[in-house]
Structures are given as C-alpha cells and as structure tokens.
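Now for the letters of each chain:
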Amino acid sequence: MTASSEPARGAGVPTRAGRGGPATPKTSAAAAFALVFGVAALISVLTVILSWFGLILGIIGVILGIVGLKMAGRPGVTGRGVAIGGLVLSALAVLIGLAFAAGITTVLNDEGAVDRIQREVDDLRDRLD
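The following paragraphs examine the structure supplied in this document.

Parameters at a glance
Residues numbered from 1 in each chain as written. Predicted model: local features only at pLDDT ≥ 70, side-chain atom pairs only at ≥ 80, totals over all residues. Heavy atoms only, no water. Core = buried A, V, L, I, M, F, W, Y, C linked by side-chain atoms within 4.5 Å. Buried < 20%, exposed > 50% of the residue type's maximum accessible area, 1.4 Å probe, protein only. Helix = DSSP H or I, 4+ residues; strand = E, 2+ residues; numbered from the N terminus. Contact = heavy atoms within 4.5 Å. Axes fitted to C-alpha atoms, helices over the stretch in contact; angles between N-to-C directions. Parallel < 35°, antiparallel > 145°, perpendicular 65-115°, else oblique. Nonpolar A, V, L, I, M, F, W, Y, C, P; charged D, E, K, R; others polar. Polar contact = N/O pair within 3.5 Å; in protein donor to acceptor, adjacent residues only side chain to side chain. Expected span 1.5 Å × (residues − 1). Arc of directions from axis to C-beta. Patch = residues over 30% accessible without salt bridge, like charges linked within 9 Å, V, L, I, M, F, W, Y side chains within 5 Å. Areas by Shrake-Rupley, 256 points an atom, 1.4 Å probe, with all protein chains shown as cover. Salt bridge = Lys/Arg side-chain N within 4 Å of Asp/Glu carboxyl O.

With respect to the nonpolar core
Grouped together as the largest cluster of nonpolar side chains are 5 residues: Ala 41, Leu 42, Val 45, Leu 57 and Ala 93. Per-element tally for this core: the top contributor is helix H1 (residues 29-46), with 3 residues. Not counting residues within four places of it along the chain, the set of residues in contact with Leu 42 comprises Leu 89, Leu 92, Ala 93 and Ile 96.

Below, the structure written as structure tokens:
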C-alpha cells in the first residue's frame, strides 16, 4: 500500500466539541470496579477467614460486571473485556464462598464431626502442655 491509498490518521473518528482533537473512548467505570471487586472478593474468599466478606464483594462485583457489560455496548464506551474479567472473578468468588459456607454448615450440623474436631483440639492442647 502506498501512503496516498491509506486513510488519513484519525479519519472517521468523531471529535469533541470545542477541542478539535479525536474523541478517545472511555472505559466503563462499572467494568473497572467489577474487576477490582472481583479480585478483592477472590482474595478474601481464599483466606477462608474473610470468606463472608468476599462473598459480599463477589455479589457486588457480579452486579457491577453486568452493568459494565451493558455500558460497554454504548457508543464511545469500552471495557467489555474488563467487565467480563470482573464478572468471571466475582462469580468464581461467589461460588467458592458458597462452597465454604455449605461445607462449614454441613460440618457444624454433623454432631460426629464436631466431636471429632473437639477431640483433635483437645489432643493438640495436651501435646502443648
């Protein structure tokens, strides 16, 4: 291709009123926050101690991911990939958090399991003395 057959740089890009420069697409804030909440939720859920907090963050991240996907469909707004990443991480955090909650609930409702845990704790205490 020759230089004369290539389109001019910035051709077809709408300009901002008053500035004269090309308009740059903006990443959706909801998509960016979905990614942030998804990462924070996944880290929180994997610490197990903060899994309840990660579950809440994950739910918020899923909602923001969906909103970010809808906003990314608007003209002049990008962030579809960021929204999908946040949505996936948030959904994964919610699933892991629910699995931990179900596991803990199952163990605590099983009297035999609670007795075994109590014996193990007592044995560990005896070893420390």
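As for the packing of helix H3 (residues 80-109) against helix H4 (residues 111-128)
Pairs of packed helices are described in terms of their axes, by the angle between the two and the distance that separates them. It is at 5 Å that the axes of H3 and H4 come closest, and there the two elements cross at 90°. By the angle between their axes, H3 is roughly perpendicular relative to H4. Between H3 and H4, the contacting residues are Val 107, Leu 108 and Asn 109 on the first element and Glu 111, Ala 113, Val 114 and Ile 117 on the second. Looking at the contact of H3 with H4, its residues break down into 5 nonpolar, 1 polar and 1 charged.

Some remarks on the side chain of Ser 90
You can see Ser 90 is positioned in helix H3. Among the polar contacts listed, one links the side chain of Ser 90 to the backbone oxygen of Gly 86, at a separation of 2.8 Å. With residues up to four places along the chain from it excluded, the contact list for Ser 90 reads Ala 34, Phe 37, Gly 38, Gly 58, Gly 61 and Val 62.

Digging into H1
The end-to-end C-alpha separation of H1 is 26 Å, in line with the 26 Å expected for 18 residues at 1.5 Å each. When H1 is considered as a whole, its buried residues turn out to be Ala 30, Ala 31, Ala 34, Gly 38, Ala 41, Leu 42, Ser 44 and Val 45. Across the axial projection of H1, the buried residues extend over an arc of 160°, all falling on one side. Opposite the buried face of H1, by more than 90 degrees, sit the exposed residues Val 36 and Ile 43. Structurally, the start of H1 carries an N-cap: the backbone nitrogen of Ala 30 is 3.3 Å from a side-chain oxygen of Ser 28. Of the residues trailing H1, Val 48 is marked for its positive phi of about 65°.

Re the side chain of Ser 44
Here Ser 44 is to be found in helix H1. Among the polar contacts made by the side chain of Ser 44, one reaches the main-chain carbonyl oxygen of Ala 40 at a distance of 2.9 Å. The contacts of Ser 44, once residues within four sequence positions are left out, are Leu 50, Ser 51, Phe 53, Gly 54 and Leu 57.

Quick word on a nonpolar patch on the surface
Taken together, the side chains of Ile 49, Leu 50, Trp 52, Phe 53, Ile 56 and Ile 60 present a nonpolar region at the surface, about 610 Å² in accessible area. Take Leu 50: it is sitting in the loop between H1 and helix H2 (51-72). Overall, the relative accessible area of 39% leaves Leu 50 in the partly exposed class.

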